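So the chains spell out like this:
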Amino acid sequence: MIRFSLHCDNEHDFEGWFRSNDDFDTQAQQRLVMCPVCGSHKIGKALMAPSVTTGRQKEKIAVAMSKMVTELKEIAQKVRENADYVGSDFAEEARKIHFGEVEKRGIYGEATGEEVKSLLEDGVDVMPLPVFPEDHN
């Protein structure tokens, strides 16, 4: 997919995604491309600068990812401190809580991919808890 910066004859700017340049041209000729602001079908492509990742951008991404990992570690620690560990009984316990068979409480443990899929199909909200190398010490 290619993202184009587009503009209409009324000078409204917007973006569109197309499989190729030819795909845009075909859709524009068939009047399938329309300005979301005014509805004009007279659409042209604006000049676009290529997307280049600089060293500074890479550094910003690395800092953001490091911050996310730190936040995930904090969340995982809070879950472990405030929820009951149920080990391999996770799927069974989660289902009991969901259907009101036992008191509602936070739990964490292990589940197979099939167990998670089955829980989701039953409408049970689950989410993976990140595990980090220091969790195994």
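Residues numbered from 1 in each chain as written. Predicted model: local features only at pLDDT ≥ 70, side-chain atom pairs only at ≥ 80, totals over all residues. Heavy atoms only, no water.

Q: How would you explain helix α3 (residues 90-98) if you had to name every residue and give the values?
A: Taken together, the buried positions of α3 are Phe90, Ala91, Glu93, Ala94 and Ile97. Down the axis of α3, the buried side of the element spans an arc of 165°, and every buried residue falls inside it. Tucked inside the fold, the buried residues of α3 contact β4 (84-87), β5 (107-109) and α4 (113-121). Within two residues after α3, Gly100 carries a phi angle of roughly 75°, on the positive side. (Buried < 20%, exposed > 50% of the residue type's maximum accessible area, 1.4 Å probe, protein only. Helix = DSSP H or I, 4+ residues; strand = E, 2+ residues; numbered from the N terminus. Arc of directions from axis to C-beta. Contact = heavy atoms within 4.5 Å.)

Q: With reference to specific residues and values, describe the layout of surface pockets.
A: In this model, the largest pocket occupies a volume close to 730 Å³. What lines the largest pocket is a set of 24 residues, among which Phe90, Ile107, Tyr108, Val126 and Met127 lie closest to the centre. Elements supplying a minimum of two residues to the lining of the largest pocket: α2 (55-82), α3 and β5. The leading source of residues in the lining of the largest pocket is α3, at 4 residues. Split by residue class, the lining of the largest pocket holds 16 nonpolar, 3 polar and 5 charged. (1 Å grid on protein atoms, 1.4 Å probe; cavity = no way out; pocket = protein on both sides within 12 Å on 5 of 7 lines; lining within 4 Å. Points joined across faces, edges and corners; volume = space filled by probe spheres on them. Nonpolar A, V, L, I, M, F, W, Y, C, P; charged D, E, K, R; others polar.)

Q: Lay out the environment of Lys104 in plain terms, naming residues and giving numbers.
A: By the element assignment, Lys104 lies in the loop between α3 and β5. Distance in space between the C-alpha atoms of Lys104 and Ser5 is 50 Å, their sequence separation being 99 residues.

Q: Break down the pattern of salt bridges for me, with residues and values.
A: Evaluated as defined, the whole model comprises 7 salt bridges. Here Glu15 and Arg3 are joined by a salt bridge, their closest N and O atoms 3.5 Å apart. Placement of Glu15 in strand β2 (residues 13-18) and of Arg3 in strand β1 (residues 2-8) is noted, with a sequence separation of 12 residues between them. Overall, Arg3 belongs to the partly exposed group, its relative accessible area being 38%. (Salt bridge = Lys/Arg side-chain N within 4 Å of Asp/Glu carboxyl O.)

Q: Tell me about the environment of Ile43, and name the residues and values.
A: In this fold, Ile43 is placed in strand β3 (residues 43-45). Placed 14 residues apart in sequence, Ile43 and Gln29 show a C-alpha to C-alpha distance of 9.5 Å. Not counting chain neighbours up to four residues away, the residues in contact with Ile43 comprise Leu6, His7, Cys8, Phe14, Phe24, Val33, Met34 and Cys35.

Q: Which residues make up the packing of α3 against α4, and what are the values?
A: Across the interface, α3 lies against α4 with an axial gap of 10 Å and an inter-helix angle of 10°. Here α4 runs roughly parallel to α3, going by the angle between their axes. On α4, the residues that touch Phe90, Ala91, Ala94 and Arg95 of α3 are Glu115, Ser118 and Leu119. Residue composition of the contact of α3 with α4, grouped by class: 4 nonpolar, 1 polar and 2 charged. (Axes fitted to C-alpha atoms, helices over the stretch in contact; angles between N-to-C directions. Parallel < 35°, antiparallel > 145°, perpendicular 65-115°, else oblique.)

Q: Explain a nonpolar patch on the surface to me, and be specific about the residues and the numbers.
A: Together, Ile61, Met65 and Met68 give the surface a local cluster of nonpolar side chains, amounting to about 310 Å² of exposed area. Position of Met65 among the secondary structure elements: in helix α2. (Patch = residues over 30% accessible without salt bridge, like charges linked within 9 Å, V, L, I, M, F, W, Y side chains within 5 Å. Areas by Shrake-Rupley, 256 points an atom, 1.4 Å probe, with all protein chains shown as cover.)

Q: How would you summarise unusual backbone geometry if you had to cite specific residues and measurements?
A: Among all residues save glycine, negative phi is the norm, and among peptide bonds the norm is trans. Although it is not a glycine, Glu11 sits at a positive phi angle of roughly 65°. Locating Glu11 in the fold gives a position in the loop between β1 and β2. The exposure class assigned to Glu11 is exposed, which follows from its relative accessible area of 70%. Of note in this structure, Arg31 is not a glycine but carries a positive phi near 60°. Along the chain, Arg31 falls in the loop between α1 (21-29) and β3.

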